[in-house]
Amino acid sequence: MSFKIEEVQTKPFDGQKPGTSGLRKRVKIFQQEHYTENFIQSILDSIQVKDSTLVIGGDGRFFSPETVQTILKIGSANGVGKFIVGKDSILSTPAASNIIRKYKATGGILLTASHNPGGPAPESITNPIYEKTKAIKSYKVLEAPPLDLSKIGEYSYGPSKVSIIDSVADYTILLKSIFDFPLIKKFLDEHRPDFQVLFDGLNGVTGPYARALFVESFGLPESSIQNCVPLPDFGGGHPDPNLTYAHTLVEAVEEKGIQFGAASDGDGDRNMIYGKGAFVTPSDSVAIIAHWADTIPYFKEGGVKGLARSMPTSKAIDLVAQKKGLEYFEVPTGWKFFGNLMDAGRLSICGEESFGTGSDHIREKDGLWAVIAWLNIIAAVNKDSPNKLIGINDLLNEFYSLYGRSFFSRYDYEEVSSEGAHKLVDHLNEALKSGSLNKTVHTATSSSTTFEVSGLYDFEYKDPIDHSLSKNQGQVITFSDGSRVVFRLSGTGSQGATVRMYVERYVAADAGASALSKPAAEGLQSLIEVALKISKLKEFLGREEPTVITVSLPIC
Ligand code: G6P
Ligand code: ZN
């Protein structure tokens, strides 16, 4: 059979350079004539496209269905053998990573506010794509009507095959093979109504997944999930699981006194755990999952190979690794850095302060995996505690009493001027080169606490597997009491620059219960004050207050 393929003339667009994970631009930019087409053709020109299998999905955001049709047309015209597409073009990032691995696909394209699946494409893939975008002259399109993506089944599309699959089924099977579902269900059944669960999908992609897990598998009521219908504009909200943007969850949990709250981001790879009066920082979350890994069948049976965190993430997980005698790694920000370690069999559990938590079951972070991991741990711990219900707060307190507590805070300054951001970086680089900050002592006016600078360095990472070197991954200031502050430019902003300041202060376990809660949080405040002063951040960025604050809260 012959198919009509048209070759459309085009010109390169500037700046089609994938950032931390994927090409991030506003939808308006993608809607320009030829813009998306150029990028898709460039991706296809950079891979072995003939007879390849591509997985296509996304978080259902605005402009996704149109873009899936564009990918089908251009992909088919270029010789893609088979497309595996989530029904209605919906696939969470972790679900797509699972499908790519399970069906041994060549790769995938995800339409989301973040990320490309699989593992995230490394620079060895994204750089050649960028080079192609700079030289593109034409792209190929199959002339065919759009395919109905709402019906599961096997189809032909031009010379290609298209398989439209249930977005949720494979993912649920995966989680059931990792966690102890019967144990979780039994615990939830037995502790109703005093242990309530609330999951907030923030109108991103996880809604259908959450319903399959919480309502269908665990038998919880409909009221245990909210904002679980994926909406093209995320219901007008910003689907980021943090204290600012996931306020719908925080408010509901506090108002109704819910023991276990959780939220996931737009494409389902990040998570936040938040019980009544208990915000779990992502740094603590991954450390606690690692600590209790033995309660999870996947790790009990397969063992835990190693642990890892991104550099700005607090060092809580390092302490777990030391105690358990496991290898551990500090990598730059970006999930792609974990992939090599996992493939080499040296890493099982890892996380980032940016609300990403996961394991080597796939090659992306996995929001619902983290949420179910917490439920599995709570169910297991309560099995041995028939008389007292152990909740999130108890697990946090117990963890701190064993390992000490890393108080952590992140200040985000979004959409600041690039000029100001670079001045801040230059200022710190000068201090690094001249050594002018070394041994200087700084006093926080609010508390008269003093901090002495013990070092300043620019973080770089040599991948132990492929030996590639990643430089300029964030500037770190250390203090003689063991505290540290990190400054980093975000790699994911779509407008202007975003500066992140990460602050960490460790209090050892023997400091006692009261020091492990409120007073040390005040100590963190003093460190923040000093960090702002040393960096002259407000001066360079022209901002009094950050856009988003993530902070360890005092626990009750
Ligand atoms: C994406 C990546 C994460 C990374 C985050 C950092 O979400 O998938 O692995 O932690 O970006 O974002 P930033 O804006 O700090 O560069
Ligand atoms: Zn995401």
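Please read all numbers here as calculations on a predicted model, not as lab measurements.

> In this structure, what is going on with the side chain of Asp-200? I would like to understand it.
By the secondary structure assignment, Asp-200 is in strand E8 (residues 197-200). A polar contact is formed between the side chain of Asp-200 and the side chain of Thr-248, at a distance of 2.7 Å.

> Honestly, the environment of Gly-275 in this entry has me stumped. Any pointers?
You can see Gly-275 is positioned in strand E11 (residues 271-275). Here the alpha-carbon distance between Gly-275 and Val-197, two residues 78 residues apart in the chain, equals 8.9 Å. Discounting residues that sit within four places of it in the chain, Gly-275 has contacts with Val-253, Glu-254, Ile-258, Gln-259, Gly-261 and Ile-392.

> What is the right way to read the domain arrangement of the protein from this model?
Note on interface size: it is often stated as the accessible area lost on association of the parts. Here the protein is partitioned into domain 1 (4-167), domain 2 (170-403) and domain 3 (405-550). The distance between the C-alpha centroids of domain 1 and domain 2 comes to 30 Å. With 31 residues of domain 1 at the interface, the matching set in domain 2 holds 26 residues. Counting the surface lost from both domain 1 and domain 2, the interface buries some 2,100 Å², and carbon and sulfur atoms represent 56% of this. Its largest share of buried area at the contact with domain 2, domain 1 owes to Asp-59, Pro-94 and Arg-101, together 24% of the area lost on that side. Here Lys-102 ties to Asp-170 by a salt bridge, and the two come within 2.8 Å at their closest N and O atoms. Looking at which element gives the most residues to the side of domain 1 that touches domain 2, the answer is helix H4 (residues 93-102), with eight residues. Residue composition of the side of domain 1 that touches domain 2, grouped by class: 11 nonpolar, 15 polar and five charged.

> Please explain the pairing of strand E22 (residues 475-479) as it appears in this structure.
Two faces make up the sheet, and in a regular strand the side chains alternate between them. Taking burial as the measure, the five residues of E22 include four buried ones, the bulk of the element. Taking the residues that link successive antiparallel strands as the turn, the E22-strand E23 (residues 484-489) hairpin has four residues, and the phi of Gly-482 there is positive, at about 95 degrees.

> Any chance you could explain the UniProt feature "domain: Alpha-D-phosphohexomutase alpha/beta/alpha" (unreviewed entry) in the protein here in plain terms?
Look at the UniProt record and you will see "domain: Alpha-D-phosphohexomutase alpha/beta/alpha" (unreviewed entry) annotated at residues 16-119, 192-274 and 287-384. As annotated, residues 287-384 comprises 46% helix and 18% strand, and the C-alpha atoms at either end are separated by 21 Å.

> I would appreciate a short explanation of the pattern of salt bridges in the present structure.
Should the charged atoms of two oppositely charged side chains come close, the side chains can pair. This structure, assessed with the given rule, holds 29 salt bridges. Taking the shortest distance from any N to any O, the salt bridge between Lys-87 and Asp-88 comes out at 3.2 Å. The class for Lys-87 is partly exposed, based on a relative accessible area of 30%. In this structure Asp-88 comes out as partly exposed when scored by relative accessible area, which is 37%. Across the pair Glu-504 and Arg-484 runs a salt bridge whose closest N-O atoms are separated by 3.0 Å. Taken together, the residues Glu-504 in strand E24 (residues 497-507) and Arg-484 in strand E23 connect sequence positions 20 residues apart. Arg-484 carries the same exposure label as Glu-504, and that label is buried. Linked through salt bridges whose partners overlap, the residues forming this network are Arg-309, Asp-318, Glu-330, Arg-484 and Glu-504.

> Explain the environment of Gln-473 to me, please; I cannot follow it from the model alone.
Along the chain, the position of Gln-473 falls in the loop between strand E21 (469-470) and E22. On the accessibility criterion, Gln-473 (19% relative accessible area) is buried. Taking C-alpha positions, Gln-473 is 30 Å from Lys-28, a pair spaced 445 residues apart along the chain. Of the polar contacts made by the side chain of Gln-473, one reaches the backbone oxygen of Lys-471; its length is 2.9 Å.

> What should I look at first to understand the site of ligand 1 in this one?
For ligand 1, the set of nearby residues contains 15 residues, the closest of which are Glu-352, Lys-365, Ser-490, Thr-492 and Arg-500. Glu-352 has a polar side-chain atom sitting 2.5 Å from an oxygen atom of ligand 1. In the environment of ligand 1, an oxygen atom lies 2.4 Å from a nitrogen or oxygen atom belonging to the side chain of Thr-492. Taken by itself ligand 1 offers 390 Å² of open surface, and the protein chains cover 96% of this. Tallied by class, the residues present in the shell around ligand 1 amount to one nonpolar, nine polar and five charged.

> Would you explain the sheet that holds strand E7 (residues 160-165) in this entry?
Here we have five strands laid out as an open sheet, ordered E4-E2-E3-E7-E6, and mixed in their pairing. In this open sheet, the two edge strands, each paired with only one partner strand, are strand E4 (107-111) and strand E6 (153-157). Along the sheet, successive strands turn relative to each other by an average axial angle of 20 degrees, direction set aside. Relative to E4, strand E2 (residues 53-58) runs parallel, the two being bridged by five bridges. The residue of E4 that forms the bridge with Val-55 is Gly-108. Across the sheet, helix H3 (residues 64-77) touches E2, strand E3 (82-86), E4, E6 and E7, and the angle it forms with E3 is around 170 degrees.

> Is there a simple way to think about the packing of helix H7 (residues 181-190) against helix H14 (residues 367-383) in this case?
The angle between the axes and the distance between the axes are what describe a pair of packed helices. Running from N to C, H7 and H14 cross one another at 70 degrees; their axes reach a closest spacing of 9 Å. Classified by the angle between their axes, H7 and H14 sit roughly perpendicular to one another. The hand of the H7/H14 crossing is left-handed. Seen from H7, the contacting residues are Phe-181, Leu-183, Ile-184 and Phe-187; seen from H14, they are Ile-372, Leu-375, Asn-376, Ile-378, Ala-379, Ala-380, Asn-382 and Lys-383. Broken down by class, the residue content of the contact of H7 with H14 amounts to nine nonpolar, two polar and one charged.

Procedures and definitions
- Residues numbered from 1 in each chain as written.
- Chains lettered and ligands numbered in written order.
- Predicted model: local features only at pLDDT ≥ 70, side-chain atom pairs only at ≥ 80, totals over all residues.
- Heavy atoms only, no water.
- Helix = DSSP H or I, 4+ residues; strand = E, 2+ residues; numbered from the N terminus.
- Polar contact = N/O pair within 3.5 Å; in protein donor to acceptor, adjacent residues only side chain to side chain.
- Contact = heavy atoms within 4.5 Å.
- Domains from an automatic or database assignment.
- Buried area = accessible area lost by both parts, 1.4 Å probe.
- Salt bridge = Lys/Arg side-chain N within 4 Å of Asp/Glu carboxyl O.
- Nonpolar A, V, L, I, M, F, W, Y, C, P; charged D, E, K, R; others polar.
- Buried < 20%, exposed > 50% of the residue type's maximum accessible area, 1.4 Å probe, protein only.
- Pairing = 2+ DSSP bridges.
- UniProt positions renumbered as here; feature names shortened; annotations may be inferred.
- Near = heavy atom within 4 Å.
- Areas by Shrake-Rupley, 256 points an atom, 1.4 Å probe, with all protein chains shown as cover.
- Axes fitted to C-alpha atoms, helices over the stretch in contact; angles between N-to-C directions.
- Parallel < 35°, antiparallel > 145°, perpendicular 65-115°, else oblique.
- Left-handed = near helix turned anticlockwise from the far one by under 90°.

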